[in-house]
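Listed below, chain by chain, are the residues.
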Amino acid sequence: MISYDLKKPGQDYTTLIKEIKSLGSWCHALKSTWLVDTLKSSQQVHSALRAHMDSNDLILVVNITNDDHAGYLDDEVVKWIRQHM
C-alpha cells in the first residue's frame, strides 16, 4: 500500500503516478492511496517513488500480505483486492 500527502497544490506529479503504475498491477483505491501487487520491497518502492516527490511531501509504503482487511470502497477496488490479496 502506498499513501502520500503531496504538499504543493497544482504540482505536476505525472512522473510519480507513472512510477507507481510501473511497479506492477495497481489499484488507485483512494485519493492518495494506491494498492500495488509487486515483488519489490517496501524500501525499494519508497526509494523509487521518493525520487519523483518534493522534499516536503510525505509518503508511507506498507507491505500488506494477508487477507485481514475491512473497508467500504468502490466495486472495482473491492474486485482488485479480491484478486490480488
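Details of the structure are given in the entry above.
Presented here is an overview of the structure given in this document.

As a further point, take the overall build of the chain. If you tally the helices and strands in the chain, you get 3 helices and 4 strands. Sequence-ordered secondary structure for the chain, helices as α and strands as β, is β-α-β-β-α-β-α. In terms of C-alpha radius of gyration, the chain reaches 13 Å, essentially the compact-globule figure of 12 Å for 85 residues. Dimensions of the chain along its principal axes, counting C-alpha atoms only, are 35 × 25 × 20 Å. Within the chain, buried positions represent 25% of all 85 residues.

Of the two faces of strand β1 (residues 2–5), the one holding Ile2 and Tyr4 is buried and the one holding Ser3 and Asp5 is not buried anywhere. Sheet topology places β1 next to strand β3 (residues 33–37); 2 bridges connect them, and they run antiparallel. What sits directly across from Ser3, in β3, is Thr33.

What counts, and at which threshold
Residues numbered from 1 in each chain as written. Predicted model: local features only at pLDDT ≥ 70, side-chain atom pairs only at ≥ 80, totals over all residues. Heavy atoms only, no water. Helix = DSSP H or I, 4+ residues; strand = E, 2+ residues; numbered from the N terminus. Rg over C-alpha atoms; globule rule 2.2 N^0.38 Å. Buried < 20%, exposed > 50% of the residue type's maximum accessible area, 1.4 Å probe, protein only. Pairing = 2+ DSSP bridges.

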